Protein chains: 2
Amino acid sequence: MISFPEAIRLIESSAAESEIVSVPLEHSSGKILREKILADRDYPPFNRATMDGFALRSQGFSKDRIYSYKRELHAGESFSLEEGEETIRIMTGAPVPEGFDLVIKVEDSTDLGNSDGKRQVRFDTDKTSSFSNIAIRGEDLKNGEEILSEGTRISSSIFSLLASLGRSRIQISKLPKVRIISTGNEIVGLEETPKPWQIRDSNSYSIRSLLQKYDISPISIVRVGDDLSQLEKAVLEGLDSDILILSGGVSMGNLDLVPKVLEGNGVREIFHKVRIKPGKPIWFGMKGRQAVFGLPGNPFSVQVCFRIFVESYIRKFLCLPTESSLLLPFSGERKKKNQLTEFFPVRLEKKQTTVLTENKNNGSGDIRAGIFSDGLAVQFSEKEKVQEGELLEFYPWN
Amino acid sequence: MISFPEAIRLIESSAAESEIVSVPLEHSSGKILREKILADRDYPPFNRATMDGFALRSQGFSKDRIYSYKRELHAGESFSLEEGEETIRIMTGAPVPEGFDLVIKVEDSTDLGNSDGKRQVRFDTDKTSSFSNIAIRGEDLKNGEEILSEGTRISSSIFSLLASLGRSRIQISKLPKVRIISTGNEIVGLEETPKPWQIRDSNSYSIRSLLQKYDISPISIVRVGDDLSQLEKAVLEGLDSDILILSGGVSMGNLDLVPKVLEGNGVREIFHKVRIKPGKPIWFGMKGRQAVFGLPGNPFSVQVCFRIFVESYIRKFLCLPTESSLLLPFSGERKKKNQLTEFFPVRLEKKQTTVLTENKNNGSGDIRAGIFSDGLAVQFSEKEKVQEGELLEFYPWN
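Values in this document were obtained by computation on a predicted structure and should not be read as measured data.

Peer 1: What's the story with the overall build of chain A in this structure? I'm lost.
Peer 2: A tally of helices and strands in chain A yields six helices and 29 strands. The principal-axis extent of the C-alpha atoms belonging to chain A is close to 100 × 50 × 40 Å. Burial status across chain A gives 57% buried among its 398 residues. Counting contacts in chain A only where the partners sit at least 6 residues apart, residues at least 24 apart contribute 70% of the total. A total accessible area of about 16,700 Å² is found for chain A, and carbon and sulfur atoms account for 45% of it.

Peer 1: How do you make sense of the domain arrangement of chain A when you look at a structure like this?
Peer 2: Interface extent is often summarised as the accessible area lost during association of the parts. Residue and element names in this part refer to chain A. Domain annotation for chain A reports domain 1 (4-18 + 175-318), domain 2 (20-43 + 140-173), domain 3 (48-135) and domain 4 (326-396). Taking only C-alpha atoms, the centre of domain 1 and the centre of domain 4 are 25 Å apart. On the domain 4 side, the residues contacting the 15 residues of domain 1 number 15 residues. Of all residues in domain 1, K277, F300 and R307 give up the largest surface area on contact with domain 4, accounting jointly for 43% of the area buried on that side. Run the count over domain 1 and domain 4 and you get zero salt bridges. Here domain 1 is connected to domain 4 by four residue pairs in polar contact (both at pLDDT 80 or more).

Peer 1: Just to check I follow, could you spell out the sheet that holds strand β9 (residues 109-115) of chain B for this structure?
Peer 2: Whether parallel or antiparallel, the strands of a sheet pair through hydrogen bonds between backbone atoms. Residues and elements named next belong to chain B. Strand order in the open sheet formed by three strands is β5-β10-β9, and the pairing between neighbours is antiparallel. At either end of the open sheet lies a strand with only one pairing partner, and these are β5 (67-69) and β9. Averaged over all neighbouring strand pairs, the angle between strand axes comes to 30°, with direction disregarded. Across six bridges, the pairing between β9 and strand β10 (residues 118-123) is antiparallel. Residue pairing for β10: T110 is matched across the bridge by R122.

Peer 1: Even after reading the chapter, I still don't get the interface of chain A and chain B, so can you show me in this structure?
Peer 2: With 83 residues of chain A at the contact, the number on the chain B side is 83 residues. Regarding the contact of chain A and chain B, the summed buried area is about 6,900 Å², with carbon and sulfur atoms giving 57% of it. Ranking the residues of chain A by area buried against chain B places W197(A), K350(A) and I367(A) at the top, with a combined share of 10%. Where chain A meets chain B, there are four salt bridges. Summed over the shared surface of chain A and chain B, the number is 36 residue pairs in polar contact (both at pLDDT 80 or more). For the side of chain A that touches chain B, the secondary structure elements donating two or more residues are β12 (146-148), α2 (156-164), β16 (199-200), α3 (203-211), α6 (299-318), β23 (326-331), β25 (341-350) and β29 (391-396) of chain A. Top element by residues in the side of chain A that touches chain B is α2(A). It accounts for eight residues. For the side of chain A that touches chain B, the class distribution of residues is 33 nonpolar, 29 polar and 21 charged.

Peer 1: Sorry if this is basic, but what is going on with the relation of the copies chain A and chain B here?
Peer 2: Applying a rotation about an axis and a shift along it to one chain copy brings it onto the other copy. Least-squares fitting of chain A to chain B yields an RMSD of 0.1 Å, with the transformation described by 0.0 Å of translation along the axis and a rotation of 180°. Both copies of the chain, as the preceding transformation shows, are related through a two-fold rotation axis. Looking at the rotation axis and the C-alpha trace of chain A, the residue lying nearest is N398(A), at 3.7 Å. Comparing interface residues between copies, 100% of those in chain A also lie at the interface in chain B; the contact surface is shared.

Peer 1: How should unusual backbone geometry be read in this particular structure?
Peer 2: Note: most peptide bonds trans; most residues except glycine with negative phi. Backbone torsion omega between K277(A) and P278(A) reads -5°, so that peptide bond is classified as cis. Looking at the element boundaries, P278(A) is found in the loop between β20 (276-277) and β21 (283-287). A positive phi angle, close to 75°, is found at C319(A), a residue other than glycine. Here C319(A) shows up in the loop between α6 and β23. A positive phi angle, near 85°, is found at K273(B), a position not held by glycine.

Peer 1: Honestly, the sheet that holds strand β14 (residues 178-183) of chain B in this entry has me stumped. Any pointers?
Peer 2: Residues and elements named next belong to chain B. Judged by pairing direction, the sheet is mixed, and its six strands sit side by side in the order β17-β14-β18-β22-β21-β19 without closing on themselves. A strand with exactly one partner marks an edge of an open sheet, and here the two such strands are β17 (220-224) and β19 (268-272). Adjacent strand axes in the sheet meet at a mean angle of 15°, parallel and antiparallel pairs treated alike. Note: strand β18 (residues 243-247) against strand β22 (residues 290-295), five bridges, orientation parallel. By the bridge assignment, L244 is partnered in β22 with V292. Sitting on the sheet, helix α3 (residues 203-211) is in contact with β14, β17, β18 and β22, with an inclination near 160° to β14. Relative to β22, helix α6 (residues 299-317) is tilted by about 165°, and along the sheet it contacts β18, β21 (283-287) and β22.

Peer 1: Help me understand the packing of aromatic side chains, please; the structure alone is not making it clear to me.
Peer 2: Think of a pair of aromatic rings as described by two things: how far the centres are apart, and how the planes are tilted against each other in angle. According to the stated counting rule, one finds 32 aromatic pairs over all chains in the structure shown. The interplanar angle of 15° and the centroid separation of 6.1 Å between the aromatic rings of F61(A) and Y67(A) together place this pair among those described as stacked. Across the pair, Y67(A) and F61(A) agree in class, each one buried. A centroid spacing of 5.7 Å and a plane angle of 65° characterise the contact between F159(A) and Y205(B), whose relative ring orientation is edge-to-face. Here the residue F159(A) occupies a position in helix α2, and Y205(B) occupies one in helix α3, the pair thus bridging two chains.

Peer 1: Looking at this structure, I do not really get the nonpolar core. What am I missing?
Peer 2: In summary, soluble globular proteins display a tendency toward joint burial of nonpolar side chains. Among the nonpolar cores identified, the biggest contains 46 residues, and F271(B), F293(B), F309(B) and Y313(B) are the most heavily contacted of them. In terms of residues, this core owes the most to one element, α6(B), which gives eleven residues. Two domains each provide a minimum of three residues to this core, namely domain 1 (4-18 + 175-317) and domain 4 (326-396) of chain B. With residues up to four places along the chain from it excluded, the contact list for F293(B) reads I11(B), I243(B), L244(B), I245(B), L246(B), I282(B), W283(B), F284(B), F309(B), V310(B) and Y313(B). Listed in part, the 45 residues of the second largest apolar core include A16(A), I308(A), F343(A) and V378(A).

About the criteria used
The residue numbering used here restarts from 1 in each chain and proceeds along that chain's sequence as written. For naming, the first written chain is A and the first written ligand is 1, with later ones following in the order written. Predicted model: local features are reported for residues with pLDDT of at least 70 only, side-chain atom pairs are reported and counted for 80 or more only, and whole-chain, interface and lining totals are derived from all residues. As a rule here, side-chain values come from all non-hydrogen atoms in the structure, and water together with hydrogens is ignored. Strands are runs of DSSP state E lasting at least two residues, helices are runs of H or I lasting at least four, and both sets are numbered from the N terminus onward. The buried label applies to any residue whose accessible area, calculated with a 1.4 Å probe on protein chains only, is under 20% of its type's maximum; exposed applies above 50%, and partly exposed to all values in between. In this description, contact between two residues means that some pair of their heavy atoms is separated by no more than 4.5 Å. All accessibility values rest on the Shrake-Rupley procedure with a 1.4 Å probe; residue burial counts only the protein chains present in the view. Domain extents, as shown, originate in an automatic or database domain assignment. A simple way to read buried area is as the amount of 1.4 Å-probe accessible surface that goes missing from two parts once joined, with both sides added. Between Lys or Arg on one side and Asp or Glu on the other, a salt bridge is scored when a side-chain nitrogen of the former is within 4 Å of a carboxyl oxygen of the latter. Here a polar contact is taken to be a pair of N or O atoms separated by no more than 3.5 Å, where protein atoms must pair a possible hydrogen donor with a possible acceptor and residues adjacent in sequence count only if both atoms sit in side chains. By this definition, two strands are paired if DSSP reports at least two bridges between them. For every element, the axis is a line fit to its C-alpha atoms; helices are fit only across the contacting stretch, and the angle between N-to-C directions ranges from 0 to 180 degrees. Gly is placed with the polar residues, together with every amino acid not listed as nonpolar (Ala, Val, Leu, Ile, Met, Phe, Trp, Tyr, Cys and Pro) or charged (Asp, Glu, Lys and Arg). The superposition of copies rests on a least-squares fit of C-alpha positions from residues with pLDDT of 70 or more in both. Any two rings among Phe, Tyr and Trp, with Trp reduced to its six-membered ring, count as a pair given centres within 6.5 Å; such a pair is stacked if its planes are under 30 degrees apart, edge-to-face if over 60, and tilted if neither. To define a nonpolar core, start from buried Ala, Val, Leu, Ile, Met, Phe, Trp, Tyr and Cys residues and group those joined through side-chain atoms within 4.5 Å.

Shown next as structure tokens:
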């Protein structure tokens with residue numbers, strides 16, 4: 001039996017790498033970037049007024065002078081200065097004409113009315129140094145500068161940035177093909193009425209929902225009993241995927257066939273059993289570039305193993321960096337007797353600061369175990385007791 | 001000009017409520033539940049063995065005795081005890097037969113071989129009280145008990161729970177129809193080559209991406225210049241939606257037509273301008289059950305206003321509870337001179353504990369402003385300086 005960090009290390013070192021595909025920008029939001037992105041021009045591309053006001057020269061500026069102007073410049077327009085033009089009216093977002101280097105905001109001006117077909121204005125401000133109220137060409141980003149590197153998740157602001165840069169197609173990580181097999185004689189379909197000693201299949205539903213975080217839809221979901229030939233058939237079909245996820249059939253019982261069938265079909269075991277709770281019986285193997293996870297059958301164990309192990313694989317596959325957990329104070333006390341690293345459901349609660357509070361339940365078989373929780377906290381193997389206020393690693397569900 | 005909390009209060013009190021629709025379970029993940037959910041039977045539905053081992057009676061148990069057995073019970077099977085049967089082999093997940101109330105795990109047993117066609121076994125454990133290693137029928141949930149209330153977001157564990165309960169159809173909040181209008185003469189489409197004083201439309205992209213958090217796809221995205229008749233036409237069409245979001249055209253410039261056109265089309269102004277930065281010029285109004293947001297034109301202002309204001313509306317519309325921010329320590333120092341409540345991009349960083357660090361940039365016009373940030377931190381209007389370690393409200397993007 002191996003430790004949790006060792007299991008993560010093995011998963012990451014075994015992982016295949018997804019292919020790169022080019023998609024229209026519209027389809028790239030939330031996906032993983034697989035190319036470097038450079039600025040296509042300076043940003044801002046021109047000296048941009050950041051206030052509505054007047055553009056003029058900072059040199060020789062005087063509060064006592066009366067300035068006259070006749071032209072207005074709006075965002076989306078441009079013009080060159082005429083001989084003798086001493087100021088212009090300018091709107092936010094408009095390019096400050098070459099020759100001017102100062103914008104005085106309209107609130108700091110006094111309109112003095114018309115004279116000789118020109119409007120007259122006086123300014124009352126001390127903010128008159130060069131480039132006041134101007135975003136200078138290239139100050140955010142220089143033409144050709146690298147702004148995004150490979151392995152970046154395309155968040156809303158990055159998506160917006162890519163549009164600004166005019167990127168109509170983007171290279172991203174191709175999503176993995178995932179198949180799900182739910183095993184167990186006690187499991188019946190949603191459409192059936194379970195006998196008193198049977199339970200309905202819920203694991204394939206939670207796996208499907210957990211995959212949504214990465215925008216992945218499973219290409220198939222199969223339910224099989226603890227029957228060798230049925231399982232063989234499902235596994236053979238399932239091995240046409242990047243990631244095959246089974247639930248049930250990996251613990252100690254006589255009918256726990258999954259490891260046997262997987263190995264019989266050429267899937268090499270990387271590990272079986274990890275010193276964690278819940279999820280100890282987890283099985284992980286590879287066949288060439290294909291990953292296979294055998295998760296335990298308890299609903300909450302499935303959720304934990306997916307969050308901790310399957311997500312580590314998916315991130316590595318997609319070329320995302322290794323996830324860093326958060327470190328937050330625990331509210332309450334918690335003891336454990338075993339030598340396992342425990343993952344337990346917690347909520348974020350706003351007290352003096354944001355703290356983790358345990359979502360109490362009757363253990364991994366409790367169908368309520370994970371509900372209303374914001375994520376998982378970790379009590380490491382050697383840690384017998386967690387005290388009030390102690391910092392714990394926290395993995396949010398989302 | 002109103003304050004940030006006042007704006008949120010006005011948005012929430014103005015919001016229409018979405019209709020309720022019934023969908024197949026498969027389509028409900030991530031959506032908002034709009035019915036009460038009760039347990040359809042006891043959970044667990046039977047006394048379930050939580051370990052592989054032996055089932056027997058706790059009364060009269062003795063370590064010194066030799067027990068004999070002949071039958072095995074697996075998950076998904078059931079049988080009644082026979083006269084004189086003193087123990088059976090039982091697997092995790094199987095129903096403990098009526099009459100037995102104890103499971104001793106296999107690791108605590110010693111196999112003594114066969115005798116008279118029966119196998120013999122001895123137990124060495126002190127964990128022999130009634131219901132050891134058994135999940136008792138109904139201990140998680142009683143038949144008819146309410147487990148989920150309206151307004152709950154269907155997370156992965158709730159989705160899994162609904163499958164366990166056999167719910168093949170679910171009543172959820174119908175998603176709002178959203179239209180987007182991006183305004184401004186300086187804005188060109190992605191497919192065009194901008195002139196030096198023009199910029200590409202990125203706001204409609206960030207709004208589209210931000211809507212994904214709620215699984216909403218906009219039904220239309222339109223780009224118009226600062227032209228009265230174009231804008232009139234787009235607004236008229238746009239008012240056939242639950243939420244119309246415009247970007248640009250709400251600040252002070254002469255060409256800022258949006259409020260004028262909206263009011264001319266029967267949209268009642270609820271507020272215009274909020275004491276925040278960025279996003280001060282935001283406009284919000286209602287026409288009957290339809291909400292209209294006029295967001296400023298700067299890319300980062302759009303992202304902030306969406307996160308803070310539009311999301312508040314969407315949550316209320318979908319019947320989600322008001323969002324509670326997190327409260328986390330700030331690493332660094334931050335000053336401000338104005339009387340506005342500032343929202344600034346921060347990253348979560350793991351130091352002694354998880355802290356917020358500011359994502360430095362050149363302000364709301366900087367196309368890099370939000371990228372690589374995990375969310376927004378808040379420096380309230382009256383707060384001139386934030387010190388190292390001070391707790392700040394934090395709104396994660398996701």
